[in-house]
Amino acid sequence: MFLFLSKILPLFLYPLGLTCVLLVITLFLWGRRSRWTPYPLLIALFVILLASNAWVSEGLMRSLESRIIPPTDIPQADAIVILGGATKSPVAPRPMVDLNEHGDRLLYGVKLYREQKAPLIIVAGGRISWSGNTRSEAQDMAEVLQLMGIPAQIITQEPDSLNTYQNAVNVQKILESQGIKQIILVTSAFHLPRSLLIFKKLGIDVIPAPTDFFVTREEDPFSLEGLLLGLLPDAHRLSLTTLALKEYMGILIYRLQGWL
């Protein structure tokens, strides 16, 4: 129940959910012919326009991604840990496991392995079975890694975790059982600050390896054309704003739980 509530309740604080709530309030006030009817409608419009422009979405995402600067050269460690959230299960009509927008996590993990940064790879992630899908993310990731030429015998799966904290706790058990002292932690750049704090609080020696950057340095970020286009609403920017707010919400909840 806690997991369900932690997923559903914050949705009403994100731009799209908050806008829907405001529109419902508008309809209620309109039905009562209230003079307050325009105000929640105007607030809803402001929320959508604010959350879907480039300055807000990129600013929020940059505030997360810039917290941990990737080292120029990743040092060697005992294992590479790749956190879940990068795949879609091979449910019909998909012919195989698909990579989602965060699939760079797997690509970067393979790159580090081929550069001989670590001899082992641990893939961590279960999957919430509310939709009836019982296949874990760890299984999906292991399958993709093998398609990319990684030997099955060097891959360890952690298939039971349903959030980042459980990722860290379950991975810690694997590290202790295999005598692994130091890991390279691979996840999306926006997700790494929270992940790194959790792993370090558990006493795990971690080398951060962020990937999947959404915000990069632009050659001409202050052009007039870019400024005007950046102010226009865009669905992708709305998604980025929501993703960043979701991560900040996760940081807040994890601090309240004492996990950070």
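The sections below set out a description of the structure shown in this document.

Definitions and limits used
- Residues numbered from 1 in each chain as written.
- Predicted model: local features only at pLDDT ≥ 70, side-chain atom pairs only at ≥ 80, totals over all residues.
- Heavy atoms only, no water.
- Helix = DSSP H or I, 4+ residues; strand = E, 2+ residues; numbered from the N terminus.
- Buried < 20%, exposed > 50% of the residue type's maximum accessible area, 1.4 Å probe, protein only.
- Contact = heavy atoms within 4.5 Å.
- Areas by Shrake-Rupley, 256 points an atom, 1.4 Å probe, with all protein chains shown as cover.
- Lys, Arg positive; Asp, Glu negative; His and termini not counted.
- Charge placed at Lys NZ, Arg CZ, Asp CG, Glu CD.
- Salt bridge = Lys/Arg side-chain N within 4 Å of Asp/Glu carboxyl O.
- Pairing = 2+ DSSP bridges.
- Axes fitted to C-alpha atoms, helices over the stretch in contact; angles between N-to-C directions.
- Parallel < 35°, antiparallel > 145°, perpendicular 65-115°, else oblique.
- Left-handed = near helix turned anticlockwise from the far one by under 90°.
- Nonpolar A, V, L, I, M, F, W, Y, C, P; charged D, E, K, R; others polar.
- Polar contact = N/O pair within 3.5 Å; in protein donor to acceptor, adjacent residues only side chain to side chain.

Regarding the overall build of the protein
In step 1: Summing up its helical and strand segments, the protein has 10 helices and seven strands in all.
In step 2: Overall size of the protein, expressed as C-alpha extent along the three principal axes, is 70 × 45 × 40 Å.
In step 3: For the protein, the proportion of its 260 residues judged to be buried stands at 44%.
In step 4: The long-range share in the protein, meaning contacts at least 24 apart out of those at least 6 apart in sequence, stands at 72%.
In step 5: When the accessible surface of the protein is totalled, it reaches about 14,300 Å², and 62% of it is carbon and sulfur.
In step 6: Averaged over its 23 positive side-chain charges, the protein has a centre that lies 9 Å from the centre of its 22 negative ones.

Some words on the pattern of salt bridges
In step 1: In the structure shown here, the tally under the stated rule is seven salt bridges.
In step 2: A salt bridge links Glu143 to Arg135; its shortest N-O distance comes to 2.5 Å.
In step 3: Owing to a relative accessible area of 31%, Glu143 belongs among the partly exposed residues under this scheme.
In step 4: According to the relative accessible area criterion, Arg135 is buried, its value standing at 17%.
In step 5: Close ionic contact of Arg194 with Glu247 constitutes a salt bridge, the shortest N to O distance being 2.7 Å. One end of the pair, Arg194, is in helix H8 (residues 192-201); the other, Glu247, is in helix H10 (residues 235-257), with 53 residues separating them in the sequence. The two residues Arg194 and Glu247 agree in class, both being buried.
In step 6: Bridged by salt links that share partners, the residues Arg127, Arg135, Asp140 and Glu143 form one connected network.

Regarding the sheet that holds strand E1 (residues 79-83)
Across a sheet, paired strands are connected by hydrogen bonds in the backbone, their directions being either parallel or antiparallel.
In step 1: Spatial ordering of the open sheet is given by E5-E4-E1-E6-E7, a layout of five strands whose pairing is parallel. Because the sheet does not close on itself, it has two edges, and the strands there are strand E5 (155-158) and strand E7 (205-211). This sheet shows a mean twist of 25° between the axes of neighbouring strands, independent of strand direction.
In step 2: Two elements, E1 and strand E6 (residues 182-188), share four bridges in a ladder whose sense is parallel. By the bridge assignment, Val81 is partnered in E6 with Leu185.
In step 3: Relative to the sheet, H8 contacts E1, E6 and E7, its axis offset from that of E6 by approximately 155°.

Quick notes on the packing of helix H2 (residues 15-31) against helix H3 (residues 38-51)
In step 1: Where H2 meets H3, the closest approach of the two axes is 8 Å, and the angle between their N-to-C directions is 165°. Taken together, the axes of H2 and H3 are roughly antiparallel relative to one another. Of the two possible hands of crossing, H2 and H3 adopt the one that is left-handed. Counted together, Pro15, Leu18, Thr19, Leu22, Leu23, Ile25, Thr26 and Leu29 of H2 and Pro40, Leu41, Ile43, Ala44, Val47, Ile48 and Ala51 of H3 form the full contact between these two elements.
In step 2: Its residues assigned to classes, the contact of H2 with H3 shows 13 nonpolar, two polar and no charged.

Here we look at the side chain of His191
In step 1: Of note, His191 is situated in the loop between E6 and H8.
In step 2: His191 sits in the buried class, given a relative accessible area of 6%.
In step 3: A polar contact is formed between the side chain of His191 and the side chain of Thr187, at a distance of 2.8 Å.
In step 4: For His191, the contacting residues outside a window of four places in its chain are Leu83, Arg105, Thr164 and Glu247.

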